[in-house]
Amino acid sequence: MHLKVTNIGVLSLLLPALSVSANESAVNSNQSIEKITVMGRAQTFYRESSTSVGAKVETDIMDLPQSVQVLNEQLIVDQAAREITDLYRSIAGVSTYSYSGVTFRGFRDDSNVFYDGVRGDPFSGFGVPQLFNIERVEVLKGPAAALYGGGEPGGMINYVNKKPSFVQDTEVTLTTGDNDRMGGSIDSKGGLTDSVAYRLGGFYEQKDSFRNNADSENTELTGGLLFQLGDDTALTTTIDYIKQDLGGNRLRGVPVDDEGNFLVDPSYNANEKSDYQNLEATILQANLQHHFSDELSVNTTVRYLDNERVQGYHESQSWVDVNGDGKANIDDKTIKREYRKQYRANQEVSVTSDFVYRLDTDIEQTLLFGADYHHVNSDYDYWRARYEADGVANLNIFDLNYGETDPSTYNLQDQHRDGTKTERAGLYVQDQISLSEKWLLLMGLRYDHFNDFDKETGFEFSDSHVSPRGGVVYKYSTDTSLYINYAESFNPTSLGDQETASKDASLDPEMGEQVEFGIKNQWFDDSMMTTVAVYQITKKDVAMSNPDYTGLDDGIPALVSLGQVESKGVEFTLVGDITTDWTIMANYAYNDARVTQGDVGDTYADGTKFINAPRHQAGLWTRYEIDSLQSSIALGADYVSEQISADAQRVKPYTVFDMSWTTRWQDTQFQLNVKNLFDKQYAVSGFSERNGHFPGAPREVVLQVSHHF
């Protein structure tokens, strides 16, 4: 580990005086535990009536002028979800891009990730976030810059961590399944004294992959203490240790023809058995919430992250002319590969502090004043061996000849990468105003300053941006809300593109603008909720090749901020109880994302359809209780329409079905999940022609047994 003892010592001193975060204070969480409310069955299954992700203040979803979704712990358990990719079916407008990256309302996004409302993703890069320590997943649709700073305009995902609690409970779970899956977890919480509560948890699981030469081993240890320092003050401190060993990774795709048909079995993998991707991370977090009065409170979070990732893998390259006909193509059946070895270590510090002031006069107002800071110090080393000249054996993808190559003998070339330093700082203000019983108004404004530094070249770039947001809610009735919003996003151009552009001309941040109109309805005595959202997003100042670039030292930049993309769509979500025994979560999304201003021959050419941006998506998960048998049965479906890859190869549409059976005996629960019920062969998304499409997993059976003490 790269985590130094001195860092741990300093942070252990800071934690009791600082904070853990944004979305659920320990005070509120304990109040909700002791408060007994008789509500519809959806309240105990999939429907959540409020969230703080859309306003940083706990707000009724009906009162938010923006589309949000909350995937709670019950849904995570019912779907036997281990990682975030297992839940994409339940999020309207989200589909897989690659690894943990998603297409979000048409835009690729793999970094706009928050934990308890603050930045600091331990799985950053090519790891996939695990869900053992996650209580719920909150999804804010559309631009989020007015509250959370830079990011893509499609939306953002916030993971709410599990916290210590005064309610005593211990759960032990054992898991087994296909591909030699074996694992288990323990999660215990309760009160140590009248003012101190704890949580301890541990998770371990190993399994093989349906892909050749690949397997995984995940370990997570977590603990936390909640200090109730008085009626008005609560402090929560947590520590989380993550170790992820992925053999035969980093996984690429499987080659296809132009119609999207796999050329070889989906189990194909260009990696050797010795390839690996290993991650180790430690996260320290603290949250302090204090009420100065009934009207004024503060919520402050500090998050420290130290992660180290090492990987060595074989990357597919072009065909090799094995048959000597002068053409290198599929007839040769053989590809050349290069070997990449990478080391990256991140040390990150995030601090977020929110002051909330509530005015209850003739016009009710909730004022939010906040500031946040995020610093990342990244160390990076990169070595590469290319083709047979450096000792890397070719691979016949039709008659696999694994084991004929040895990375320890490769002639590795140092690529001289040293890492970066980045800083993000923001100030923001927001006002939620109840103009009357019918009209609600939300306004927000944020100022961001960012600084990027390349350790290898010494290049440094700084800039700032102001992001507004506004929305109006009209409560037609207690069960119907109509809303409209305008929101902006911005995303700083990458450090590499800034250097490429020219020393004389910097690139503006990519800016997004969204207009969204929606209708939210509660049905059947609040037991069910639907949301319909119609939106248009325009993303401007996209970096693209300069058509006037000459390659000479004449001051004309290689890249310019001229590209523009439009995304138009409709989303529908439904969650709640159909009857007292039947609950459902369903969604449908239509999206059309296209380039409206670009350069012919560039990545962004006019009229180009976006990569891995399906026009239609639909997801379903429905559960039925059989009380007489102390059991429940659930069925899921996931539909994604046709997509295109980076090289314009077709990605076929697919529909996949899942189901589960759960039964209970006293305090023990048995759960059987069958994923990809009909063993569908499909690709979730496309990559490049040489790397192919990412195959979906075949049918998989998972059995879980859990017991509460």
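Basis of the calculations
- Residues numbered from 1 in each chain as written.
- Predicted model: local features only at pLDDT ≥ 70, side-chain atom pairs only at ≥ 80, totals over all residues.
- Heavy atoms only, no water.
- Helix = DSSP H or I, 4+ residues; strand = E, 2+ residues; numbered from the N terminus.
- Buried < 20%, exposed > 50% of the residue type's maximum accessible area, 1.4 Å probe, protein only.
- Contact = heavy atoms within 4.5 Å.
- Areas by Shrake-Rupley, 256 points an atom, 1.4 Å probe, with all protein chains shown as cover.
- Salt bridge = Lys/Arg side-chain N within 4 Å of Asp/Glu carboxyl O.
- pLDDT = per-residue confidence, 0-100.
- Pairing = 2+ DSSP bridges.
- Core = buried A, V, L, I, M, F, W, Y, C linked by side-chain atoms within 4.5 Å.
- Phe/Tyr/Trp six-rings, centres within 6.5 Å; stacked < 30°, edge-to-face > 60°.
- Lys NZ or Arg CZ within 6 Å of the ring centre and 35° of its normal.
- Patch = residues over 30% accessible without salt bridge, like charges linked within 9 Å, V, L, I, M, F, W, Y side chains within 5 Å.
- Lys, Arg positive; Asp, Glu negative; His and termini not counted.
- Charge placed at Lys NZ, Arg CZ, Asp CG, Glu CD.
- Axes fitted to C-alpha atoms, helices over the stretch in contact; angles between N-to-C directions.

Draft legend 1. Quick peek at the overall build of the chain. Looking only at helices and strands, one finds five helices and 38 strands in the chain. Evaluated residue by residue, the chain yields a buried proportion of 54% over its 709 residues. Of the contacts formed within the chain by residues at least 6 apart in sequence, a portion of 68% connects residues at least 24 apart. Surface exposure of the chain reaches about 29300 Å², of which carbon and sulfur atoms provide 54%.

Draft legend 2. Molecular detail of the pattern of salt bridges. Under the definition given, this model contains 37 salt bridges. A salt bridge links Asp245 to Lys243; its shortest N-O distance comes to 2.7 Å. With relative accessibility at 18%, the residue Asp245 sits in the buried group. A salt bridge links Arg252 to Glu315; its shortest N-O distance comes to 2.8 Å. Residue Arg252 is found in the loop between strand E15 (233–247) and strand E16 (276–291), and its partner Glu315 is found in strand E17 (residues 296–319); the two are separated by 63 residues along the sequence. Summarising the burial analysis for this pair, Arg252 and Glu315 share the class buried. Counted as one network, the salt bridges with shared partners bring together Arg82, Arg181, Glu205, Lys207 and Glu700.

Draft legend 3. Highlighting the confidence of the model for the chain. Of the residues in the chain, 89% have a pLDDT of 70 or more, and the chain-wide mean is 88. When the criterion is pLDDT under 50, residues 1–43 qualifies, and its contacts beyond four places in sequence or with other chains add up to 103 contacts. Every residue in residues 600–604 is under pLDDT 50, and counting partners more than four places away or in other chains gives ten contacts.

Draft legend 4. Molecular detail of the sheet that holds strand E8 (residues 118–119). Strand order in the open sheet formed by five strands is E3-E9-E10-E7-E8, and the pairing between neighbours is mixed. In this open sheet, the two strands that pair with only one neighbour each are strand E3 (68–71) and E8. Where strand E7 (residues 113–115) meets E8, two bridges bridge the pair, whose relative direction is antiparallel. Each bridged residue has a counterpart across the sheet, and for Tyr115 the counterpart in E8 is Val118.

Draft legend 5. Quick peek at the side chain of Thr222. Here Thr222 lies in strand E14 (residues 215–230). Those residues in contact with Thr222 that lie beyond four places of it in its chain are Phe132, Asn133, Arg199, Leu200, Gly201, Ile239 and Asp240.

Draft legend 6. Structural detail: the environment of Asn401. For Asn401, the position within the fold is in the loop between strand E20 (395–396) and strand E21 (413–414). Here the alpha-carbon distance between Asn401 and Glu272, two residues 129 residues apart in the chain, equals 9.8 Å. The residues contacting Asn401, other than those within four sequence positions of it, are Asn394, Leu395 and Asn396.

Draft legend 7. Layout of the nonpolar core. Formed by 50 residues in total, the largest nonpolar core has its most connected members in Leu87, Leu131, Val137, Tyr148 and Tyr159. Those elements that place two or more of their residues in this core are E3, helix H3 (73–78), strand E5 (101–104), E7, strand E9 (134–141), helix H4 (145–148), strand E10 (155–161) and E16. In terms of residue count, E9 provides more of this core than any other element does, four residues in total.

Draft legend 8. Molecular detail of the packing of aromatic side chains. Counted according to the given criterion, the structure contains twelve aromatic pairs. Centre to centre, the rings of Trp439 and Tyr474 are 4.7 Å apart; their planes meet at 40°, and the pair counts as tilted. One end of the pair, Trp439, is in strand E23 (residues 439–454); the other, Tyr474, is in strand E24 (residues 460–477), and 35 residues separate them in sequence. For Trp439, a relative accessible area of 41% puts it in the partly exposed group. Above the ring of Tyr387, the side-chain terminus of Lys336 is found at 4.4 Å from the ring centroid.

Draft legend 9. Molecular detail of unusual backbone geometry. The phi dihedral of Asp180 falls on the positive side, at around 55°, and the residue is not glycine. Along the chain, Asp180 turns up in the loop between strand E11 (169–177) and strand E12 (181–191).

Draft legend 10. Examining the environment of Ala586 more closely. Considering the arrangement of structural elements, one finds Ala586 in strand E29 (residues 582–597). Sequence separation between Ala586 and Thr573 is 13 residues; the distance between their C-alpha atoms is 5.8 Å.

Draft legend 11. Seen up close, the environment of Ser49. The topology assignment puts Ser49 in the loop between helix H2 (26–34) and strand E1 (50–51). Look at Ser49 and you get partly exposed, because its relative accessible area is 28%.

Draft legend 12. A look at a negative patch on the surface. A surface patch of like charges, here negative, comprises Asp231, Asp232, Asp294, Glu295, Asp360 and Glu364. Mapped onto the elements of the fold, Asp294 is located in the loop between E16 and E17. Residue classification places Asp294 among the exposed residues on the basis of a relative accessible area of 75%.

Draft legend 13. Broad picture of the sheet that holds E5. Taking strand neighbours across the sheet as the criterion, the three strands line up as E4-E5-E6 in an open arrangement whose pairing is antiparallel. In this open sheet, the two edge strands, each paired with only one partner strand, are strand E4 (94–98) and strand E6 (107–109). Sheet twist, expressed as the average angle between the axes of neighbouring strands with direction ignored, equals 35°. Bridging between E4 and E5 involves four bridges; their strand directions are antiparallel. In the strand pairing of E5, Val94 is matched with Phe104.

Draft legend 14. Focus on the pairing of E11. The pairing of E11 with E12 spans nine bridges and is antiparallel. From the neighbouring strand, Thr170 faces E12, where its bridge partner is Ser188. Between E11 and the antiparallel strand that follows it, E12, lie three residues; Asn179 among them carries a positive phi value of about 55°. Bridge count for E11 against strand E38 (residues 700–708) is seven bridges, and the pairing is antiparallel. Bridging from a neighbouring strand, Leu174 pairs with Val705 of E38.

Draft legend 15. Main features of a nonpolar patch on the surface. A cluster of nonpolar side chains, contributed by Ile484, Tyr486, Val515, Phe517, Ile519, Val532, Val534, Val570, Phe572 and Tyr588, occupies part of the molecular surface with about 730 Å² of accessible area. Mapped onto the nonpolar patch, the elements with two or more residues apiece are strand E25 (480–491), strand E26 (510–523), strand E27 (528–545) and strand E28 (559–577). Sorting elements by how many residues they give to the nonpolar patch places E26 first, with three residues.

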